[in-house]
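What follows is each chain in one-letter form.
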Amino acid sequence: MTAIQPQLTPQAIWAVLDTVPDPEIPVVSVTDMGMVRDVQIGEDGAVTVTFTPTFSGCPALHVIRDSIGEAVRGLGASAVEVKSTLTPPWTTDWIKEDARERLRQYGIAPPAPAEDGLIQLQADATRCPRCASFDVRMTGSFGPTLCKRLYVCDSCKEPFEGFKSV
Amino acid sequence: MTAPAMTLSDVQQAALIRKLTALADDEIILAQRGGEWTGHAPILEEDIALANIAQDELGHAGLYLELRRALDGSDADALAFTRSADEFTSARFVELPKGDWAFTMLRQYLYDAYEALWLDAARKSVYEPLAEVANKAFREERFHLQHTALWVERLALGTPESMKRTQDALNALWPYVGQLWQPVEGEGGLIEAGLLPDLNAVKTRWEGLIVPHLTVQCGLILPPGGAEQPGRDTHTEDLAPLLDEMQRVYRAHPDTPYW
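What you are looking at is a predicted structure, and each value in this text was computed from that prediction instead of being measured.

About the criteria used
Residues numbered from 1 in each chain as written. Chains lettered and ligands numbered in written order. Predicted model: local features only at pLDDT ≥ 70, side-chain atom pairs only at ≥ 80, totals over all residues. Heavy atoms only, no water. Helix = DSSP H or I, 4+ residues; strand = E, 2+ residues; numbered from the N terminus. Expected span 1.5 Å × (residues − 1). Buried < 20%, exposed > 50% of the residue type's maximum accessible area, 1.4 Å probe, protein only. Contact = heavy atoms within 4.5 Å. Polar contact = N/O pair within 3.5 Å; in protein donor to acceptor, adjacent residues only side chain to side chain. Axes fitted to C-alpha atoms, helices over the stretch in contact; angles between N-to-C directions. Left-handed = near helix turned anticlockwise from the far one by under 90°. Nonpolar A, V, L, I, M, F, W, Y, C, P; charged D, E, K, R; others polar. Arc of directions from axis to C-beta. Core = buried A, V, L, I, M, F, W, Y, C linked by side-chain atoms within 4.5 Å. Salt bridge = Lys/Arg side-chain N within 4 Å of Asp/Glu carboxyl O. Domains from an automatic or database assignment. Buried area = accessible area lost by both parts, 1.4 Å probe.

(A) A look at helix α9 (residues 199-217) of chain B. Residue and element names in this part refer to chain B. With 19 residues, α9 ought to run about 27 Å at 1.5 Å a step, and its terminal C-alpha atoms sit 26 Å apart, in line with that. Inspection of α9 places Leu199, Val202, Trp206, Ile210, His213 and Leu214 among the buried residues, and these make up the whole buried set. Taken together, the buried residues of α9 touch α1 (10-35), α5 (101-122), α6 (128-156), α7 (160-177) and α8 (187-192). For α9, the N-terminal capping position is held by Asp198, with its side-chain oxygen 3.0 Å away from the main-chain nitrogen of Asn200. Directly beyond the C-terminal end of α9, a positive phi value near 70° is found at Gly219.

Laid out in structure tokens, this is it:
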């Protein structure tokens, strides 16, 4: 029987998960993206982390699962189980406010509020992450990763990627 | 959190496994056909888009096979990479060679509309694990349908050449599409029990969506419906060469861990 490490608190686990980057967009963490749904510590010190995939075909899921396990084991957890759940389904609305700003600085337009059912009349339009112009055009409804689309800014002429709103 | 699955009778479980496998097989084969365009699509953005769509479809196959694993402990990779053409249960509609761009876009469009509407209905399944998968996949499928519907319109209303190719594609595909609406053995019982969507209701919605779009909006002529199709145990001669290519690496190195 392993003694529970004193530093193994839910707060400490959430804090270490804040440092696990999204492998495809390293300026944001898995918690910034809203992918970590739950952290539980069992009586024997075994940790269960529940995460939800962004897109079901995302090839980074295995990397994310491994990185989460490794980070929590680094805190001294005797055993780590990384479970995935589909319910409720992930939405870009869960991306944290400050992470949206980091995405923008990285050159990716953050997602507009997701529409589930009725359209949102006040939804922010996509703007250029470099010059903030709304004078942009979508050039590809799919992008280099499943979560993004391609745009070009007609004001500063720069091409850029924007998050899909899911 | 993932809800505990309901208890199924042996007959229900066998039928559900058949259905989940058929759904996954269609996704795998269509994804492989989509992937054949990688590096060859007319423009870079479309190359990327089709690869994205194929990757999403593979993700959906993974979700269906995960539901199957929960029922019988089967391994998704082994199912995808070691079964022969005789053991696959894909529809001939998805097996047909990729054809030209019009054929590829029109097939993907007809399939995306079917999949999106089937998933929408499956969100109400009393079998909670399927409802969860449907809720997830439905949100992704909307992007596909938006994209391929626009392409069909663009091609049909483009030049005389693109219009002709789109009409040819519709004529070639239409006799095969009916197979998507054939229930697998035992599916009727699962529909009655509320586990699976009513195929006829989904088909009615599908026709209401795509027929006006193809005819009124795109100016295409709907060919007469084809004759009754054989079931999913009958394949085109195109499936075996596709599997040959898709399974080559796995078969050559079956024990190699790739993650």
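(B) Geometry of the packing of helix α2 (residues 44-72) of chain B against α5(B). Residues and elements named next belong to chain B. Two elements in contact, α2 and α5, have axes whose closest approach is 13 Å; the angle formed by their N-to-C orientations is 35°. Between α2 and α5 lies a crossing whose hand is left-handed. Residues Glu46, Leu50, Ile53, Glu57, His60 and Tyr64 of α2 lie in contact with α5, whose contacting residues are Trp101, Thr104, Met105, Gln108, Tyr111, Asp112, Glu115, Trp118 and Leu119. Considering only residue class, the contact of α2 with α5 consists of eight nonpolar, three polar and four charged.

(C) Representation of helix α1 (residues 10-17) of chain A within the structure. Residues and elements named next belong to chain A. Ile13, Val16 and Leu17 are the residues of α1 that are buried. The buried residues of α1 occupy an angular sector of 105° when projected down its axis, which confines them to one face. On the buried face of α1, the contacting elements are β2 (25-29), β3 (36-41), β4 (47-51) and α2 (61-73).

(D) Seen up close, the nonpolar core. Ranked by size, the top nonpolar core spans 68 residues in total, and within it B:Leu110, B:Trp118 and B:Trp206 carry the most contacts. Counting residues per element, this core draws most heavily on α5(B), which supplies twelve residues. If you look at the next biggest cluster of nonpolar residues, it comprises 40 residues, including A:Met33, A:Val47, A:Val49 and B:Phe143.

(E) Layout of the pattern of salt bridges. Scanning the entire structure with this criterion turns up 18 salt bridges over all chains. Measuring nitrogen to oxygen at the nearest pair gives 2.9 Å for the salt bridge that ties A:Arg102 to A:Asp32. Highlighted residues: A:Arg102 in helix α3 (residues 97-106) and A:Asp32 in the loop between β2 and β3, separated in sequence by 70 residues. For B:Glu207, the salt bridge identified is with B:Lys203, shortest N-O distance 3.9 Å. Here the residue B:Glu207 and the residue B:Lys203 both occupy positions in helix α9, the gap between them amounting to four residues, near one helical turn.

(F) Unusual backbone geometry, seen in detail. Residue and element names in this part refer to chain A. In this chain, Thr87 is followed by Pro88 through a cis amide linkage whose omega measures -5°. Along the chain, Pro88 falls in the loop between β5 (80-84) and α3. Non-glycine residue Ala132 carries a positive phi angle of around 70°. Note on placement: Ala132 falls in the loop between β6 (108-109) and β7 (136-140). Of the residues examined, Ala132 reaches a relative accessible area of 35% and is grouped as partly exposed.

(G) The arrangement of the domain arrangement of chain A in detail. Residue and element names in this part refer to chain A. Domain parsing of chain A yields domain 1 (10-84) and domain 2 (106-163). Taken over C-alpha atoms, the centre of domain 1 sits 28 Å from the centre of domain 2. Domain 1 puts eight residues into the contact, and the matching count from domain 2 is seven residues. The junction of domain 1 with domain 2 conceals about 610 Å² of combined surface from both sides, 85% of it contributed by carbon and sulfur atoms. On the domain 1 side of the interface with domain 2, the three residues burying the most area are Glu24, Ile25 and Phe55, jointly 62% of the side's total. Put simply, domain 1 and domain 2 have zero salt bridges between them. Taken together, the links from domain 1 to domain 2 amount to zero residue pairs in polar contact (both at pLDDT 80 or more). Split by residue class, the side of domain 1 that touches domain 2 holds six nonpolar, one polar and one charged.

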